[in-house]
Amino acid sequence: MTLIETAAELRRLHAAPELLQVVNVWDVVSARAVAALPETRALATAGHSIAASFGYPDGEIPVDLMLEMAGRIARAVDVPVSADLDDGYGDAGETVRRAIGEGIVGANIEDRLKPLAESVAVVEAAVAAAEAEGVPFALNARTDAWLRGHDRPREVWIADVVERGRAFLDAGATSVFVPGVLGEAEIEELVAGIGEQKLALIGLPGIPAPARLEALGVARLSYGPTTQRVALGALQDLAVELYAGGVLPDGIRPLN
């Protein structure tokens, strides 16, 4: 597919009634391993995981390095790739323009619970940049209204999520990403407030199963840095077993 066709497919996957599950990857080999599965319809990068791979804390990796890795991933697979672009790195429009140049057709950009007008301006800049490039970019506008503000009364943070989500959609976002450990009742309220096939969530312990999220009208489910943590945990467990005198197990797949 062309870049425009790939972007349109990612937008279609967000709008479809079927839940879009994206298993987050952090380098070319992890991307190829997941993309090889017939169930994979799209991929998303995990900014936290890419930063960790290069030895940076989450949110502190230079934009050039993040975009280079995201581009390597996009060029290595045949499915649409959405990138974690943090808060836009101070210039969301320019960052999205450069991401598109790397073959990226969607992105998460987070508000970090900044003032609403400022956050909407970031979304508008990202959307305008994609439109200028002629690419139907899938912007998954993230609000941290739960992550940074769930110590507030329940009705307050839910109202904040809904207000921000609607504003982001009005500004041209494709979906609204609300990371956090949300229960079914809270998800129902958010879908009712933001709209069906507009809410994106992160898979964490305590989140309803994918089939239930699909029935609730959730658009997208990603997994953030947990996929890398599982892989690293398996590596560490193997090392412990080998140090204890164990041997490599049978059936190792040559995925690299």
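One can find the structure itself at the top, above this paragraph.
All of the points below concern the structure found in this document.

Each value, and the rule that gives it
- Residues numbered from 1 in each chain as written.
- Predicted model: local features only at pLDDT ≥ 70, side-chain atom pairs only at ≥ 80, totals over all residues.
- Heavy atoms only, no water.
- Axes fitted to C-alpha atoms, helices over the stretch in contact; angles between N-to-C directions.
- Helix = DSSP H or I, 4+ residues; strand = E, 2+ residues; numbered from the N terminus.
- Left-handed = near helix turned anticlockwise from the far one by under 90°.
- Contact = heavy atoms within 4.5 Å.
- Nonpolar A, V, L, I, M, F, W, Y, C, P; charged D, E, K, R; others polar.
- Buried < 20%, exposed > 50% of the residue type's maximum accessible area, 1.4 Å probe, protein only.
- Pairing = 2+ DSSP bridges.
- Right-handed = clockwise from strand over helix to strand, strands pointing away.

Quick look at the packing of helix α2 (residues 28-35) against helix α4 (residues 63-76)
Between α2 and α4, whose axes approach to 9 Å, the crossing angle comes to 35°. The hand of the α2/α4 crossing is right-handed. Where α2 abuts α4, its residues Val 28, Ala 31 and Arg 32 lie against Met 69, Arg 72, Ile 73 and Ala 76. Along the lines of polarity and charge, the residues of the contact of α2 with α4 split into 5 nonpolar, no polar and 2 charged.

Comments concerning the pairing of strand β6 (residues 138-142)
Counting buried residues in β6 gives 5 out of 5 residues, a clear majority hidden from the surface. Side chains of β6 alternate between two faces, with Ala 138, Asn 140 and Arg 142 and Leu 139 and Ala 141 buried alike. Of the strand pairs in this sheet, strand β5 (residues 106-110) and β6 are connected by 5 bridges, and their pairing is parallel. Directly across from Asn 108, in β6, lies its bridge partner Asn 140. Of the crossover connections in this fold, the one passing from β5 over helix α6 (residues 116-133) to the parallel β6 is right-handed. When β6 meets strand β7 (residues 175-177), the two strands line up parallel, connected through 3 bridges. Among the inter-strand pairings, Asn 140 is bridged to a residue of β7, identified as Ser 175. Read from β6 through helix α7 (residues 154-170) to β7, the crossover connection turns out right-handed.

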